[in-house]
Amino acid sequence: MFATLAPILLQATLETFAMVISALALGTAFGLPLGVLLATSGRGELFEAPLFQKSIGPIVNATRSVPFIILAVAIIPFTRLIVGTSIGTSAAIVPLTVAAIPFIARIIEGAIREVDGGLVEAAQAMGARPFQVVTKVLLPEALPGIIHGLTLTAVTLIGYSAMVGAVGAGGLGDLGIRYGYQRFRPDVMAAVVITLIVVVQMVQSFGDWMARKADKRNI
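Quick caveat: nothing in here was measured; it's all calculated off a predicted structure.

Visitor: Please give an account of the pattern of salt bridges that cites residues and values.
Guide: According to the stated counting rule, one finds two salt bridges in the structure shown. One salt bridge connects Glu109 with Arg106, and the closest N-O pair in it is separated by 2.5 Å. With Glu109 and Arg106 both in helix 5 (residues 89-113) and three residues apart, the pair spans about one turn of that helix. Notably, a salt bridge pairs Glu109 with Arg113, separated by 3.3 Å at the nearest N-O pair.

Visitor: Residues and numbers for the packing of helix 6 (residues 117-125) against helix 7 (residues 130-163), please.
Guide: Packed helix pairs are specified by the crossing angle of their axes together with the interaxial distance, meaning the distance between the axes. Orientation of helix 6 relative to helix 7, taken along the N-to-C sense of each, is 160 degrees, at an axis distance of 10 Å. Overall, the two elements helix 6 and helix 7 adopt an arrangement that is roughly antiparallel. Crossing handedness for the pair helix 6 and helix 7: right-handed. For the pair formed by helix 6 and helix 7, the contact residues are Leu119, Val120, Ala123 and Gln124 on the first element and Val133, Val137, Leu138 and Glu141 on the second.

Visitor: So what's going on with the UniProt feature "transmembrane region" (unreviewed entry) in the protein chain? Which residues, and what values?
Guide: When the UniProt feature table is mapped to this numbering, "transmembrane region" (unreviewed entry) covers residues 17-39, 59-76, 82-105, 146-168 and 188-207. The annotated region residues 82-105 carries 79% helix and 0% strand content, and the separation between its end C-alpha atoms amounts to 22 Å. Split by type, residues 188-207 is 100% helix and 0% strand. Its first and last C-alpha atoms lie 28 Å apart.

Visitor: Give me the lowdown on the nonpolar core, citing residues and values where you can.
Guide: Ranked by internal contacts, the top residues of the largest apolar core, which has 45 residues, are Phe68, Ile112, Val133, Leu138 and Val192. Setting aside residues no more than four positions away along its own chain, Leu138 makes contact with Thr40, Leu46, Ile112, Val115, Val120 and Val133.

Visitor: Would you mind going over the packing of aromatic side chains in detail, with residue names and values included?
Guide: Applying the stated rule across the entire model yields two aromatic pairs. Their ring planes at 0 degrees and their centres at 4.4 Å tell us that Phe68 and Tyr160 sit as a pair that is stacked. Placement of the pair is Phe68 in helix 3 (residues 68-74) and Tyr160 in helix 7, with a sequence separation of 92 residues. Given the relative accessible area of 23%, Tyr160 is considered partly exposed.

Visitor: Residues and numbers for a nonpolar patch on the surface, please.
Guide: A cluster of nonpolar side chains, Val66, Ile69, Ile70, Val73, Met163 and Val167, forms an exposed patch at the surface whose accessible area comes to about 440 Å². Of note, Met163 is situated in helix 7. Looking at Met163, the relative accessible area reads 37%, which means it is partly exposed.

Visitor: Account for helix 2 (residues 50-65), naming residues and giving values.
Guide: The end-to-end C-alpha distance of helix 2, which contains 16 residues, comes to 23 Å, matching closely the 22 Å that a straight helix rising 1.5 Å per residue would cover. Along helix 2, the residues that are buried comprise Pro50, Gly57 and Val60.

Visitor: Can you lay out helix 5 for me, pointing to particular residues and giving the numbers?
Guide: Here helix 5 contains 25 residues, and its C-alpha end-to-end distance of 36 Å stays within 8% of the 36 Å for a straight helix at 1.5 Å per residue. The largest bend in helix 5 is about 25 degrees, located at Ala100, with the proline Pro102 one to four residues further on. The buried fraction of helix 5 is high, at 19 of 25 residues.

Visitor: Requested: an account of the packing of helix 2 against helix 5, with residues and values cited.
Guide: Here helix 2 crosses helix 5 at 125 degrees, and the two axes come no closer than 9 Å. Compared by their axis directions, helix 2 and helix 5 come out oblique. Between helix 2 and helix 5 the crossing geometry is left-handed. For the pair formed by helix 2 and helix 5, the contact residues are Gln53, Gly57, Val60, Asn61, Thr63 and Arg64 on the first element and Val98, Pro102, Phe103, Arg106 and Arg113 on the second. Looking at the contact of helix 2 with helix 5 residue by residue, the class counts come to four nonpolar, four polar and three charged.

Visitor: Explain the environment of Gly57 residue by residue, including any values.
Guide: With respect to the secondary-structure elements, Gly57 resides in helix 2. With 19 residues separating them along the chain, Gly57 and Leu38 place their C-alpha atoms 7.4 Å apart.

Visitor: Provide a residue-level description of the environment of Ala191, including the pertinent values.
Guide: Tracing the sequence through the fold places Ala191 in helix 9 (residues 186-214). With 11 residues separating them in the primary sequence, Ala191 and Gly180 have C-alpha atoms 9.2 Å apart. With residues up to four places along the chain from it excluded, the contact list for Ala191 reads Leu5 and Leu9.

The rules behind these values
- Residues numbered from 1 in each chain as written.
- Predicted model: local features only at pLDDT ≥ 70, side-chain atom pairs only at ≥ 80, totals over all residues.
- Heavy atoms only, no water.
- Salt bridge = Lys/Arg side-chain N within 4 Å of Asp/Glu carboxyl O.
- Helix = DSSP H or I, 4+ residues; strand = E, 2+ residues; numbered from the N terminus.
- Axes fitted to C-alpha atoms, helices over the stretch in contact; angles between N-to-C directions.
- Parallel < 35°, antiparallel > 145°, perpendicular 65-115°, else oblique.
- Left-handed = near helix turned anticlockwise from the far one by under 90°.
- Contact = heavy atoms within 4.5 Å.
- UniProt positions renumbered as here; feature names shortened; annotations may be inferred.
- Core = buried A, V, L, I, M, F, W, Y, C linked by side-chain atoms within 4.5 Å.
- Buried < 20%, exposed > 50% of the residue type's maximum accessible area, 1.4 Å probe, protein only.
- Phe/Tyr/Trp six-rings, centres within 6.5 Å; stacked < 30°, edge-to-face > 60°.
- Patch = residues over 30% accessible without salt bridge, like charges linked within 9 Å, V, L, I, M, F, W, Y side chains within 5 Å.
- Areas by Shrake-Rupley, 256 points an atom, 1.4 Å probe, with all protein chains shown as cover.
- Expected span 1.5 Å × (residues − 1).
- Bend = angle between axes of the 7 residues up to and from the residue.
- Nonpolar A, V, L, I, M, F, W, Y, C, P; charged D, E, K, R; others polar.

Here is the structure:
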């Protein structure tokens, strides 16, 4: 029985990794600059634009407040527009990315706001421009917190990827629903749950290790 289940379980695990890694990369690509702007666009800050902050902030909060499974269904037309289909692994990446962007943006914002303001003032006193302050001071100093936040995001996306299995997205969630629940196979359900636990533990341990390596206090 295990010999027949193992290849299917491996394929589903690889699909889950593909969805999570792609969504995390795309979410970071969009969420990082958004988070930097949210953290530095207030009055008297590096990129002063209070109107931007007041308009984008509520949109970010609104997107975060929508339950993921509802978001995934609600943006099916947008998913079809982007990838040409609403089912499969590639289609799942779209709602996962949309959910990840505001989450990552707030994480980046929070990590940057934890940086000592004295470091920013010192950099400005030495003639650093706003972009240099961000790249040379804020992001390096906030890196451990950012890594912890991205690790949390990756773990959250693993859970979300299992949810989109309910709408035919592939991965471990789809395997658990189609082969475990619908075919009354508790062994498959157990294998999926155990695999998800192992994957989450691996991701969390790797993220914690990366954060420790990035923390200057541990050097």
